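Fold and geometry: a report
The lines below spell out each chain.
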Amino acid sequence: MTVPTDEELIAGMRGALDDLTSSVPVERPKLDDRAYTVDLLERRRRRWPVLVAVTAVAAAGAVGAVVVGGQDDDRHPATSAVSSPSDTGAPASQPVPPTTPASLPAVVVAMPGASQDQPTTVTGAAPELPPTRIYAGDGIAPDRVLVVRTTDAEFDAPSPEGDHTMEPISAPTGEAWVLHPVLDDPGHHVPVDPALIWWSTGNGRELVSVAGRGFSDADLAALLPALTFDGVAWAWPGAAASAMAEVPAQHHDEWQQRSSGTTLADGLRVAIVVTTGSRWDLLEQSSLYPLVTGRAPKAVLPDGTSAVVMADPGSYHVYWQQAGAVVQLTVPLSEDLDAILAAVVVTR
Amino acid sequence: MRTMAAEAEPRTGFDEFYRRRWPDAAKWATALTGRPAVGQELAQEAFISIRARYDSLANPVGYLRRTVVNLSRSWYRSSAREDARIAAVAKPDVVAPQSSELLDALAALPFRQRATLVLRFWADWTDEDIATVLECRTATVRSHARRGLAALRQEIEP
């Protein structure tokens, strides 16, 4: 049997979905007069057919009650009742008023012979899940940053894909993995720091990610059982003992992201992503990459704005916060970073 | 490039909006859940939600897309848990491939991968639209598509 190509898979999927949806009536039903509906489906690939009654919905709102109720029940991980912030010894986070995104600044790299992409913009609603909690030192490029983030990826268990390694580690509940990006040049397949821990708490809702610049794998693994959740945000009792300040993630009613790029005269490309965000978003995003060895972690843009300089095996990543947004520039390692930063032009 | 915000259509009353958008919404939800009756229920639920706030919505179509995907995701969660319980007592067996084998394989994917494949390759949404409703970046959508196709292929291979 030959392996289907992507095109064959997509064509087959389109045909199957066309068939599946062909029974949908064109005429809309009355919204206030909903009937009981039941799908009886034979579960294929079983020795004995199993009939599954899928839904039995009586009145308007019943689906919503089931769905939303289930969502709320699942909303918090199993650790949610462990402690309150005052129990943890960690400083309580301060509420941050919601913000709406201002018009994002426009960023270009104005170098001789360079051409600018047409930017694309995406707008999204505020995330429903508990916010990131960040522990960090002073400044925009502290040696240690710990970011605990909850994302909606319950059944989206990570799988190694060649661009990172993934090893299981013990977790207080559910499952956890430690991931490392991989330097994958010819002849080299080397995991690099920092690690990222993905923790599926086992309640069918959240995937908690823990990123820690300045933390070893062992530090992060040992930290998992100490994380507590108060129903609003994660806390870490060790923050106080480590002299790390807790800073609250800023809430956004909605966010915007504008992606663009500059193709340099030599054909290489600088990617520019501008996203609604504050200093805390900058700390969170920049914690994904290690500091550049042998290079100052900060740079100054032509307008005097301070930026954080990180790197992965292929690129520099430069971040700064400006006009209610976090800007990320991704620059190939082979380029003269200082010359590119000197050519950055920001307009509001 | 098309975005959700840019897709706002000329303003009509809710009834007209419901009439025009019902088929798409019901088909999206059906494709996302894999079950026609559930899809129609969820589409109705989405319109009930929109009706209550229709006059205040700047982009009803964008709101409809998001609501249908969110309701389908919520249903998918509860359905997956139910399936896991059933699977615990029903031993799987391999039978000959069927015409709907692809739908089975699609149903076995994590929701985000399934939603990405359905919305990108069948409903012809843009990556930006999908990123908006899944609250992720467009690069993540492309990653979901790549992983989803690989997982789909793995599911249907003997």
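Quick caveat: nothing in here was measured; it's all calculated off a predicted structure.

**Focus on the nonpolar core**
- Residues Leu 17 of chain A together with Phe 47, Leu 64, Leu 119 and Leu 152 of chain B are the most contacted members of the largest nonpolar core, which totals 59 residues.
- Per-element tally for this core: the top contributor is helix 1 (residues 14-33) of chain B, with ten residues.
- Those residues in contact with Leu 64 of chain B that sit more than four places away from it in its chain are Phe 17, Arg 21, Ala 25, Trp 28, Ala 46, Phe 47 and Ile 50 of chain B.
- Membership of the second largest hydrophobic core comes to 24 residues, among which are Trp 320, Leu 329, Leu 337 and Ala 343 of chain A.

**Looking at the pairing of strand 20 (residues 315-322) of chain A**
Residue and element names in this part refer to chain A.
- Counting buried positions along strand 20 gives seven out of eight residues, so the element sits mostly inside the fold.
- As paired strands, strand 19 (residues 306-311) and strand 20 are joined by four bridges and run antiparallel to one another. Residue pairing for strand 20: Ala 311 is matched across the bridge by Tyr 316.
- Note that strand 20 and strand 21 (residues 325-332) share eight bridges and pair antiparallel. Looking at the pairing, Trp 320 lines up with Val 327 of strand 21.
- From the end of strand 20 to the start of strand 21, which pair antiparallel, there are two residues, and Ala 323 there has a positive phi angle of about 50°.

**Considering the confidence of the model for chain B**
Residues and elements named next belong to chain B.
- Overall, the prediction assigns chain B a mean pLDDT of 76, with 78% of residues at 70 or greater.
- Counted against residues more than four places away or in other chains, residues 1-8, with its pLDDT under 50, gives 23 contacts.
- Taken together, the stretch residues 80-99 has pLDDT below 50 and engages in 21 contacts with residues farther than four places along the chain or on a different chain.
- Interface predicted TM-score (ipTM) for the complex: 0.84; the corresponding pTM is 0.48.

**Here we look at the confidence of the model for chain A**
Residue and element names in this part refer to chain A.
- With 67% of its residues at a pLDDT of 70 or more, chain A shows a mean pLDDT of 71.
- Predicted confidence in chain A is weakest over strand 2 (residues 51-53), with a mean pLDDT of 26, and strongest over helix 7 (residues 337-342), with 94.
- Note on residues 154-162: pLDDT is under 50 here. Beyond four places in sequence and across chains, it has 25 contacts.

**Examining helix 6 (residues 279-286) of chain A**
- Helix 6 of chain A sits mainly inside the fold: seven of its eight residues count as buried.
- Residues Trp 280, Asp 281, Leu 282, Leu 283, Glu 284, Gln 285 and Ser 286 of chain A constitute the buried set of helix 6 of chain A.

**Things to note about the pairing of strand 3 (residues 106-109) of chain A**
Residues and elements named next belong to chain A.
- Covered by surrounding structure in strand 3 are Val 107 and Val 109 only, the residues Ala 106 and Val 108 on the alternate face being uncovered.
- When strand 3 meets strand 22 (residues 344-347), the two strands line up antiparallel, connected through four bridges. Note that in strand 22 the partner of Ala 106 across the bridge is Thr 347.

**So, the packing of helix 6 (residues 127-134) of chain B against helix 7 (residues 138-156) of chain B**
Residues and elements named next belong to chain B.
- In the contact formed by helix 6 and helix 7, the axes pass within 8 Å of each other and the chain directions differ by 100°. Between helix 6 and helix 7, the interaxial angle falls into the category roughly perpendicular. Contact residues: Asp 127, Glu 128, Ile 130 and Ala 131 in helix 6; Thr 138, Val 141 and Arg 142 in helix 7.
- Among the residues forming the contact of helix 6 with helix 7, the class breakdown is three nonpolar, one polar and three charged.

**A look at the pattern of salt bridges**
- On inspection of all chains with the given rule, the structure shows eight salt bridges over all chains.
- Asp 127 of chain B is the salt-bridge partner of Arg 120 of chain B, the closest N and O atoms lying 2.7 Å from each other.

**A short note on unusual backbone geometry**
Residues and elements named next belong to chain A.
- A positive phi angle is found at Ala 243, which is not glycine, with a value near 60°.
- You can see Ala 243 is positioned in the loop between helix 5 (238-241) and strand 15 (245-248).
- For Ala 243, a relative accessible area of 71% puts it in the exposed group.

**Focus on the packing of helix 1 of chain B against helix 5 (residues 111-122) of chain B**
Residues and elements named next belong to chain B.
- Two elements in contact, helix 1 and helix 5, have axes whose closest approach is 9 Å; the angle formed by their N-to-C orientations is 135°. The pairing of helix 1 with helix 5 is recorded here as oblique in orientation. Seen along the crossing, helix 1 lies across helix 5 with a hand that is right-handed. Here Lys 27, Trp 28, Ala 31, Leu 32 and Thr 33 of helix 1 come into contact with helix 5, specifically with Phe 111, Arg 114, Ala 115, Val 118, Leu 119 and Trp 122.
- Considered class by class, the residues forming the contact of helix 1 with helix 5 number eight nonpolar, one polar and two charged.

**Observations regarding the packing of aromatic side chains**
- One pass over the full model with this rule turns up 13 aromatic pairs over all chains.
- Measuring from centroid to centroid gives 5.9 Å for Phe 14 of chain B and Tyr 18 of chain B, while their planes differ by 20°, and the two rings are stacked. Of this pair, Phe 14 of chain B and Tyr 18 of chain B both sit in helix 1, four residues apart, which is roughly one turn of the helix.
- On the basis of relative accessible area, Phe 14 of chain B is assigned to the buried category, the value being 12%.
- Of the residues examined, Tyr 18 of chain B reaches a relative accessible area of 4% and is grouped as buried.
- Pairwise contacts between aromatic rings join Phe 14, Phe 17, Tyr 18, Trp 22, Phe 47 and Tyr 54 of chain B into one cluster.
- Seen from the ring of Phe 215 of chain A, Arg 144 of chain A lies directly overhead, with NZ or CZ sitting 4.1 Å from the centre.
- Looking at Arg 65 of chain B, its charged tip hangs above the ring of Trp 125 of chain B, at a distance of 4.2 Å from the centre.

Parameters at a glance
Residues numbered from 1 in each chain as written. Chains lettered and ligands numbered in written order. Predicted model: local features only at pLDDT ≥ 70, side-chain atom pairs only at ≥ 80, totals over all residues. Heavy atoms only, no water. Core = buried A, V, L, I, M, F, W, Y, C linked by side-chain atoms within 4.5 Å. Buried < 20%, exposed > 50% of the residue type's maximum accessible area, 1.4 Å probe, protein only. Helix = DSSP H or I, 4+ residues; strand = E, 2+ residues; numbered from the N terminus. Contact = heavy atoms within 4.5 Å. Pairing = 2+ DSSP bridges. pLDDT = per-residue confidence, 0-100. Axes fitted to C-alpha atoms, helices over the stretch in contact; angles between N-to-C directions. Parallel < 35°, antiparallel > 145°, perpendicular 65-115°, else oblique. Nonpolar A, V, L, I, M, F, W, Y, C, P; charged D, E, K, R; others polar. Salt bridge = Lys/Arg side-chain N within 4 Å of Asp/Glu carboxyl O. Left-handed = near helix turned anticlockwise from the far one by under 90°. Phe/Tyr/Trp six-rings, centres within 6.5 Å; stacked < 30°, edge-to-face > 60°. Lys NZ or Arg CZ within 6 Å of the ring centre and 35° of its normal.

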